[in-house]
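Structural overview for review
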Amino acid sequence: EPEVTQTPSHQVTQMGQEVILRCVPISNHLYFYWYRQILGQKVEFLVSFYNNEISEKSEIFDDQFSVERPDGSNFTLKIRSTKLEDSAMYFCASSVGTHQYFGPGTRLLVL
Amino acid sequence: QQQVKQSPQSLIVQKGGIPIINCAYENTAFDYFPWYQQFPGKGPALLIAIRPDVSEKKEGRFTISFNKSAKQFSLHIMDSQPGDSATYFCAATKDSSYKLIFGSGTRLLVRP
């Protein structure tokens, strides 16, 4: 069964550093998303992406964040200057329509 | 208005019991309501979903009940098993958005 994959599984970085989280969505999917989950809390929407542009973003997704689909398979989330409060599990998801399929996540720790 | 409220926060049942998790929403524009199951260290996995034109949907041991007038929906797990022990999230969205609004989650423990 096709799956969303994410790399790396864990990332430790220093405050102020840039990180890039990578995702390979399911191949025939058209919509791509990033969500985050701070430890023990609910999953929060960050951004959705369709037809090579952002279709919707939350108030969390400020100028420090950007997304890109650099080729036909990868979908990336860049955090330009990480803050301590960016420490969370970041999930990529993809869909054809409303059914969203989530990847296993990247655990980001900002020190 | 964008919130989805979920209860209880945690739930313990014996094997074979029927845990029930409840969610409520306010935004009447929501038209798709999925439930996700999440095991520790893993991503949420789509379990079952419903649209407001039906009042109930069953898939295997999982049933969603939907009450449009009360703006509530619930997940029932029939004949629960220890392997069902996980965190369950309800969510809501509308076709024009696809942005999932998640509930706060329910940690379910099924004792053998």
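Structural notes, computed from the coordinates.

The rules behind the values
- Within each chain, residues carry numbers counting from 1 in the order of the written sequence.
- The lettering of chains begins at A and the numbering of ligands begins at 1, in the order of writing.
- Note on the predicted model: pLDDT of at least 70 is required for a residue's local features to be given, and 80 or more for side-chain atom pairs to be given and counted; whole-chain, interface and lining totals, by contrast, use all residues.
- Working from all heavy atoms in the structure, the side-chain values ignore hydrogens and water.
- To define a nonpolar core, start from buried Ala, Val, Leu, Ile, Met, Phe, Trp, Tyr and Cys residues and group those joined through side-chain atoms within 4.5 Å.
- Think of it in three bands: residues with accessible area under 20% of the maximum for their type are buried, residues over 50% are exposed, and the middle band is partly exposed, with areas taken using a 1.4 Å probe on protein chains only.
- Secondary structure elements are taken from DSSP: a helix is a run of H or I of four residues or more, a strand is a run of E of two residues or more, and numbering for both begins at the N terminus.
- Note on definitions: a residue-residue contact is assigned when non-hydrogen atoms from the two residues lie within 4.5 Å.
- Pairing between strands requires that DSSP locate at least two bridges from one strand to the other.
- For helices, the fitted line uses only the C-alpha atoms of the stretch in contact; every axis is such a line through C-alpha atoms, and the angle between N-to-C directions lies from 0 to 180 degrees.
- A patch consists of residues exposed above 30% relative accessible area that lack any salt bridge, with like charges linked at up to 9 Å and nonpolar side chains (Val, Leu, Ile, Met, Phe, Trp, Tyr) linked at up to 5 Å.
- Using the Shrake-Rupley algorithm and a 1.4 Å probe, accessible areas are obtained, with residue cover drawn only from the displayed protein chains.
- A side-chain nitrogen of Lys or Arg and a carboxyl oxygen of Asp or Glu constitute a salt bridge if their distance falls within 4 Å.
- Note that a disulfide, as used here, is simply two cysteine sulfur atoms within 2.5 Å.

Our focus in this paragraph is the nonpolar core. Note that soluble globular proteins tend to have their nonpolar side chains buried in a common cluster. Residues and elements named next belong to chain B. Core analysis: the biggest nonpolar cluster contains 25 residues, and Val 4, Phe 33, Trp 35, Phe 73, Leu 75 and Tyr 88 have the highest contact counts within it. Listing elements by their share of this core, those giving two or more residues are β2 (10-14), β3 (20-25), β4 (33-38), β5 (45-50), β7 (62-67), β8 (72-77), β9 (86-92) and β11 (106-111). Of the residues forming this core, the biggest block, four residues, is contributed by β9. Filtering out sequence-adjacent residues up to four positions away, Leu 75 remains in contact with Pro 19, Ile 20, Ile 21, Trp 35, Leu 47, Ile 48, Phe 62, Thr 63, Ile 64 and Tyr 88.

On to the environment of Gln 17 of chain A, then. Residues and elements named next belong to chain A. For Gln 17, the position within the fold is in the loop between β2 (10-13) and β3 (19-24). Judged by relative accessible area, Gln 17 falls into the partly exposed class, the value being 44%. Discounting chain neighbours no more than four positions away, the residues touching Gln 17 are Ile 79, Arg 80, Ser 81 and Thr 82.

All names here are of chain A. Spatial strand order, β1-β3-β8-β7: four strands in an open sheet with antiparallel pairing. Where the open sheet ends on each side, the last strands, each with one partner, are β1 (5-7) and β7 (65-68). Each adjacent strand pair in this sheet contributes to an overall mean axis angle of 20°, direction not counted. Inspection of the sheet shows β7 paired to strand β8 (residues 75-79) by four bridges, in the antiparallel sense. Across the sheet, the residue bridging to Phe 65 is Ile 79, located in β8.

This next bit is on a nonpolar patch on the surface. Judged by side-chain polarity, Val 12, Leu 109 and Leu 111 of chain A come together as a nonpolar surface patch covering roughly 270 Å² of accessible area. Mapped onto the elements of the fold, Val 12 of chain A is located in strand β2.

Our focus in this paragraph is the state of the cysteines. According to the stated counting rule, one finds two disulfides over all chains in the structure shown. Each disulfide pairs two cysteine sulfurs, and for Cys 23 of chain A the partner residue is Cys 92 of chain A, the sulfurs being separated by 1.9 Å. Here Cys 23 of chain A and Cys 92 of chain A share a disulfide; its torsion about the S-S bond, -60°, makes the bridge left-handed. Of this pair, Cys 23 of chain A sits in strand β3 while Cys 92 of chain A sits in strand β9 (residues 88-95), and the two are 69 residues apart along the sequence. Across this residue pair, the class does not change: Cys 23 of chain A and Cys 92 of chain A are buried. Here Cys 23 of chain B engages in a disulfide with Cys 90 of chain B; their sulfurs sit 1.9 Å apart.

Scanning the entire structure with this criterion turns up four salt bridges over all chains. Here Arg 36 of chain A ties to Glu 44 of chain A by a salt bridge, and the two come within 3.3 Å at their closest N and O atoms. Across the salt bridge formed by Arg 61 of chain B and Asp 84 of chain B, the nearest N and O atoms sit 2.8 Å from each other. Of this pair, Arg 61 of chain B sits in the loop between β6 (56-59) and β7 while Asp 84 of chain B sits in the loop between β8 and β9, and the two are 23 residues apart along the sequence.

To continue, consider the sheet that holds β3 of chain B. Hydrogen bonds along the backbone pair up the strands of a sheet, which may run parallel or antiparallel. Residue and element names in this part refer to chain B. Across the sheet, which stays open at both edges, the five strands sit in the order β1-β3-β8-β7-β6 with antiparallel pairing between neighbours. Across the chains shown, the open sheet's two edge strands, defined by having one partner strand only, are β1 (4-7) and β6. Each strand axis lies, on average, 15° off the axis of its neighbour in the sheet, ignoring direction. In this sheet, β8 lies alongside β3 in antiparallel orientation, the contact comprising five bridges.

Right, let's talk about the environment of Asn 22 of chain B for a bit. All names here are of chain B. The residue Asn 22 is located in strand β3 in this model. Taking the relative accessible area as the measure of exposure, Asn 22 reaches 34% and is therefore partly exposed. With 39 residues separating them in the primary sequence, Asn 22 and Arg 61 have C-alpha atoms 17 Å apart. Apart from residues no more than four positions distant in its own chain, Asn 22 is found in contact with Lys 5, Gln 6, Ser 7, Phe 73 and Ser 74.

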